[in-house]
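Descriptive structure summary
Each chain, written out:
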Amino acid sequence: MVEVKFENVMKKYDDGTIAVNNLNLTVHDGEFLVLVGPSGCGKSTSLRMLAGLEDISDGQITIDGNVVNNLAPGARDVGMVFQGYALYPHMTVSENLSFGLRMAKGEARLPNEEIKERIIDAANLLGLTEQLDKKPKELSGGQRQRVALGRALVRRPKVLLMDEPLSNLDADLRNQMRTEIRRLHDELGTTTVYVTHDQIEAMTLADRIAIMDNGELQQHAPPLTAYNEPANEFVKGFLCKHIDEIVDTANSILDSR
Ligand SMILES: Nc1ncnc2c1ncn2[C@@H]1O[C@H](COP(=O)(O)OP(=O)(O)O)[C@@H](O)[C@H]1O
Ligand SMILES: [Mg+2]
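On to the domain arrangement of the protein chain, then. Taken as a whole, the protein chain is organised into domain 1 (1-77 + 158-257) and domain 2 (85-156). Each of domain 1 and domain 2 has a C-alpha centre, and these two points are 25 Å apart. Each partner contributes residues to the interface: domain 1 has 18 residues there, and domain 2 has 12 residues. In terms of surface lost to domain 2, no three residues of domain 1 exceed Leu-160, Met-177 and Leu-184, which account for 34% of the buried area on that side. Viewed at the interface, domain 2 and domain 1 are joined by 1 salt bridge. Close ionic contact of Glu-180 with Arg-146 constitutes a salt bridge, the shortest N to O distance being 3.0 Å. The tally of links from domain 1 across to domain 2 stands at 3 residue pairs in polar contact (both at pLDDT 80 or more). Counting only elements with at least two residues in the side of domain 1 that touches domain 2, the list comes to β7 (159-163) and α5 (171-188). A per-element tally of the side of domain 1 that touches domain 2 places α5 first, with 9 residues. Residues belonging to the side of domain 1 that touches domain 2 are distributed by class as follows: 10 nonpolar, 3 polar and 5 charged.

Parameters at a glance
Residues numbered from 1 in each chain as written. Chains lettered and ligands numbered in written order. Predicted model: local features only at pLDDT ≥ 70, side-chain atom pairs only at ≥ 80, totals over all residues. Heavy atoms only, no water. Domains from an automatic or database assignment. Contact = heavy atoms within 4.5 Å. Buried area = accessible area lost by both parts, 1.4 Å probe. Salt bridge = Lys/Arg side-chain N within 4 Å of Asp/Glu carboxyl O. Polar contact = N/O pair within 3.5 Å; in protein donor to acceptor, adjacent residues only side chain to side chain. Helix = DSSP H or I, 4+ residues; strand = E, 2+ residues; numbered from the N terminus. Nonpolar A, V, L, I, M, F, W, Y, C, P; charged D, E, K, R; others polar.

Spelled out as structure tokens, the structure:
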């Protein structure tokens, strides 16, 4: 049971910007929650506070029942995938995947055999088995993104965090990776928080969406519930804005099945 809880969480940056205001949100065990909203609404800040990359100004965050406010990122057992997924260019796919595990110290260091097994498992899961000895420059964009995802997965994190991980990919690849990410989630069941400004991505990926505006949570609900019963005018406008695109994408995903 890995539940994540934001309780009255606030983030005030040094320059006085209140990026997140009184956030109360529970991510349930095994849930795929998408944090969505326009640029600058506080999505990345929320995720970064959860990951330990940003201090929490007020309130508390718990993972699996433990308050993590003062825990270092490495001690939180979260895996993170960013938009700018820099792979190490001089390392093979296999070395990129295992890097974090190989660098672990002390009790956290897994035996080499276990590391090897995890790399093989992850490669299987992500369709990268044939690519393990290649360097990043020999890979397609989609394969690189899969390596970035694999790097987070081999740690078998309690919580998987993704911040606009598909933004650098073209539309076709984005659709394909979106399907892939959802399939992986269905297979692994890892509690996941996924950040995007893209309504389509949110609607097609999420068990539940949490819609933010201006640092404040507006509504959290399953995608269709939020769409059919928006809590306020902002949510209504935000979710309807790209309805044609949503329908197109949904159709193309259905067609490709
Ligand atoms: N390091 C920082 N210092 C000051 N303000 C910041 C910093 N990072 C983000 N902000 C501000 O906080 C708000 C939320 O930013 P962010 O969480 O990055 O939004 P999102 O990810 O939803 O686009 C924005 O107004 C942004 O300009
Ligand atoms: Mg952001």
